[in-house]
There are 2 protein chains.
Amino acid sequence: MIEDTHISLAHGNGGRHMRALIEHLFARHLGGPDLDVGLDAAPIALPAGQELLITTDGFIVQPLRFAGGDIGTLAVNGTVNDLAVSGATARYLTLNAFIEEGFEVSELDRLIGSLAAAARAAQVCVVAGDTKVLPRGQGGGLYLATTGVGFRPAGVRLGMGRIAPGDEVLVSGPVGDHAIAVMLARGAFELSGDVCSDCAPVGALALPLAQMDGVRFMRDPTRGGLATVAHEIANATGLDVHLDEAAIPVRPAVRAVCDILGYDPYSLACEGRVVAVVAPSMAAACLALWRGLPQGAQAARIGTLASGVGEVILHTGLGGERCLDELDDDPLPRIC
Amino acid sequence: MIEDTHISLAHGNGGRHMRALIEHLFARHLGGPDLDVGLDAAPIALPAGQELLITTDGFIVQPLRFAGGDIGTLAVNGTVNDLAVSGATARYLTLNAFIEEGFEVSELDRLIGSLAAAARAAQVCVVAGDTKVLPRGQGGGLYLATTGVGFRPAGVRLGMGRIAPGDEVLVSGPVGDHAIAVMLARGAFELSGDVCSDCAPVGALALPLAQMDGVRFMRDPTRGGLATVAHEIANATGLDVHLDEAAIPVRPAVRAVCDILGYDPYSLACEGRVVAVVAPSMAAACLALWRGLPQGAQAARIGTLASGVGEVILHTGLGGERCLDELDDDPLPRIC
C-alpha cells in the first residue's frame, strides 16, 4: 500500500515507494490482461488486414477538474479522438504521468480512476506507463501525456490532399464548450455558468464516415478550435474556406461568455467534436448519420471550399464577411 | 520562421506561433518520410513474422545537459533501450515536449537537434509529436516523454518467469556513470570530475542475446540502478540474488565520488548498460559476445540466483556479506 498522503520525490526514484505507487494506485485502476507493470515493453497483437496508427498528446489543463471532465478524461479522449478522425479504432494507450512533489495521493487516485473509467468507456487498454516526480513548484500539480495505437481497415484514405473545390464542411456539434467550461472552472472574471465540457470519445461519429466514399478529411477541433482547423485546411490546399456564421452551432451560454469577454467562439477548443470535409453529394448522408446519434444531434453544414488564395472567410449573419485570422495570442491557455 | 528568441504561451496555443515552432524547429530536426506534421495519427507498416512492442518513458533530468549527453539523447536512448532489453528492434518514436514559457528557443533548438542525432544513431524515426507550453515557473525548463514502437521476431521469449536457480547475472559495463555525470553537471558539493554518462543505445548488446537459447531475462538498470533490477528479480521469482561486489565494474572516478558522498554505486542509474540473467551454460558465450563490442569491453559476470527468500545479498570483498536494501530515499533525484 501507499504509506503517504502526499507525493514525495521518493515516489519517483525507482525504489520501494515508486513501486508501491505504481502497483497500488496506477495498476489498481488500469490493470487488466494487457498491462504487466513488470515488463519493459508491452506486446501488441495485430489483426489481419488492418493498418496500425499511432498518435500522441500532452495534457496540462488547469484546473485539473472542470464541469464535464478532468485531466484524466481529457488524456484518454484527446488521444483516442486523434485516432478516430484518422479512421482508426483506438485500442491501446501508453501513459506518462509527471506528478509534482506534494500532490495529494487521494486526488491522484481520483484522477487516475477517472482516466481508467474514460479508457473503459472508449474501449482502450493502457498497456505501458511511466511516472516521474517533479520538485515542488516545478510541476503545476499533474501533467499527463498519452500515446495511442489504433487499427484502421486497409483502404481507408483520408487526407487534406483529397479536398476539392465545392466540398462542404460539417461540424458534429456546438463549438467552444470545453474551453468555456475550463475557463468557468477557474472562477476568473467572477463568471459562473453551467457549461459542461464536450470531452468525449468521437469514434461513433468519425469511424462510420471514415469508410464512406466522398469523405475527404476529418479533424477534431481542439486547441485553436474550428478556426485553426479551417486555417490548416486553407494552408494545405490553397483553397478558401467559407464559413457561414449563422450555421455554426454555439450554445447560448458559450455565446454569452464570449460576448462578455470578447472571445471568438470559433477559436475555442472542443474535446468531443468532429469537423469533416465531404463531397457535396455526401453531405446530407453524413449529417443524417450524425444527427441520428445523441452526440451529433446538433450537427450542421457550416461551410464550403472554393478556389482562392488560402483564406478563411466568415460570412456574417448580415450578409457581410470578414477574414478569420489565424490565432495569434491565446485568450485561454492551458485548456487541454 | 520563429520570430521570437524565447518561448511564450502563444507557442502552445494551436495557432500561428505554435505552427511555426513545430514546422521550423521540431520538423526541421525530426523531418523525414515517416513524419507528417499535418496528420493526427501516423501509420506504421508491419513486417511479416514480427511482434510489435510498445513502451514509454518520461524525462525530467536536471540540468538539461551533462557530460556525455543531454535530455534529448536520454529521451531517445531511454525508450529505445526498454525495447532492446525486451528483444525488440526500436523503429518509431513519438515525442511529447512540455516547454516552459521563457525557455530560450536557441537552446530548445540545440536539444531537439541532439535528440534528432540520437534518433538517427539509434535508427529510429519520430513519427508523431505534441508540444505544450507551461507557464513560467511551472516547468523546470523542458520535460520530454517518448513512446517507442519496436519489432521482435516471433518466438523470442524473455521474462522473469524463465529465471531458475543457478542462473548467472551479467552486466555489460561499469555502473553508475550516468548518475554521477549528472550530479557533477549540477556543480553541487564543489566536486568536479571527468565522468561521462554512458547514455547510448544498447541494441547491439541486447538484441543478439535475445535470440539465444538460455538467455532468460534482460533489463537496463536506469532509475534505482543495479540494486533495483536485482530487487525486481528477487521479488518476482522469490529467489535470492547473490552479487559479488568485487566483480561489479565501477569506474574509479565513480567510486571516488561515491566514497566521498556516501552513495552506493549499485543504486545509481545507468543509461547504456544491460543486466542479463542467463543459464550457466550460456554465461561464457554471452560475455564473449559483449566483450567483443566496444561498449561491452568491461562486461562481467557479477552474480548468481539461488533458492532463498527473495533477498539481494552483496558478497563483499572481505568474504562478508550484507543485504542490499531496496532503494528508499533517493540521493540523486531527477537523473533521467
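Residues numbered from 1 in each chain as written. Chains lettered and ligands numbered in written order. Predicted model: local features only at pLDDT ≥ 70, side-chain atom pairs only at ≥ 80, totals over all residues. Heavy atoms only, no water.

**Observations concerning the overall build of chain A**
What counts here: Elements are defined by DSSP. Helices are runs of H or I of four residues or more, strands are runs of E of two residues or more, and each kind is numbered from the N terminus. Radius of gyration here uses only the C-alpha atoms, and the compact-globule reference equals 2.2 Å multiplied by the residue count raised to the power 0.38. For each residue, the accessible area found with a 1.4 Å probe, counting protein chains only, is set against the maximum for its type, and the residue is called buried under 20%, exposed over 50%, and partly exposed in between. Note on contacts: a residue pair is in contact if any heavy atoms of the two residues lie within 4.5 Å.
Helix and strand counts for chain A stand at eight helices and 14 strands. On C-alpha atoms alone, chain A measures out to a radius of gyration of 21 Å, which is about the 20 Å that the 2.2 N^0.38 rule sets for 336 residues. Viewed in the frame of its principal axes, chain A has a C-alpha envelope of about 65 × 55 × 35 Å. Out of the 336 residues belonging to chain A, those deemed buried represent 61%. If you take every contact in chain A between residues at least 6 apart in sequence, the share linking residues at least 24 apart comes to 85%.

**Observations regarding the side chain of Ser172 of chain B**
All names here are of chain B. Under the convention used in this document: Side-chain atoms alone can form a polar contact between residues adjacent in sequence; in general such a contact is a pair of N or O atoms within 3.5 Å, and within protein one must be able to donate a hydrogen while the other accepts it.
On the secondary structure map, Ser172 appears in the loop between β8 (168-171) and α4 (177-185). Using a relative accessible area of 0% as the deciding quantity, one classes Ser172 as buried. A polar side-chain atom of Ser172 sits 2.9 Å from the main-chain amide nitrogen of Val274. Residues in contact with Ser172, not counting those within four places in the same chain, are Leu205, Gly272, Arg273, Val274, Trp290, Gln295, Gly296, Gln298 and Ala299.

**Quick word on the sheet that holds strand β9 (residues 215-219) of chain A**
Residues and elements named next belong to chain A. This is how it is decided: Paired strands, as defined in this entry, are two strands with at least two bridges between them according to DSSP. Axis definition: a line fitted to C-alpha atoms, limited for helices to the stretch in contact. Angles are taken between N-to-C directions and run from 0 to 180 degrees.
Taken together, the seven strands give an open sheet; going across it, the order is β9-β11-β8-β12-β10-β13-β14, and neighbouring strands pair in mixed fashion. The open sheet has two edge strands with one neighbour each: β9 and β14 (321-323). Between one strand and the next, the sheet's axes are offset by a mean angle of 25°, whatever the strand orientation. Relative to the sheet, helix α8 (residues 283-291) contacts β8 (168-171), β9, β11 (275-278) and β12 (300-306), its axis offset from that of β8 by approximately 0°.

**What to know about the confidence of the model for chain A**
For the record, the criterion: Every residue is assigned a pLDDT by the predictor, reflecting its confidence on a scale from 0 to 100.
When the pLDDT values of chain A are averaged, the result is 92; 99% of them are 70 or greater. Of the two predicted TM-score estimates for the complex, the pTM is 0.93 and the ipTM is 0.92.

**Topic: the pattern of salt bridges**
Which entries qualify depends on this criterion: Salt bridge, as applied in this entry: a Lys or Arg side-chain nitrogen positioned within 4 Å of an Asp or Glu carboxyl oxygen.
Applying the stated rule across the entire model yields 36 salt bridges over all chains. Taking the shortest distance from any N to any O, the salt bridge between Glu326 of chain B and Arg19 of chain A comes out at 2.7 Å. With Glu326 of chain B in the segment after β14 (321-323) and Arg19 of chain A in helix α1 (residues 16-30), this pair bridges two chains. Exposure remark for Arg19 of chain A: the relative accessible area of 27% places this residue in the partly exposed category. Of the charged contacts, one joins Glu168 of chain A and Arg301 of chain A as a salt bridge, the two residues approaching to 3.2 Å between their closest N and O atoms. On the criterion of sequence distance, the pair formed by Glu168 of chain A in strand β8 and Arg301 of chain A in strand β12 is long-range, its members being 133 residues apart. Here the residues in one salt-bridge network are Asp57 and Arg223 of chain A together with Asp130 and Lys132 of chain B, joined through shared partners.

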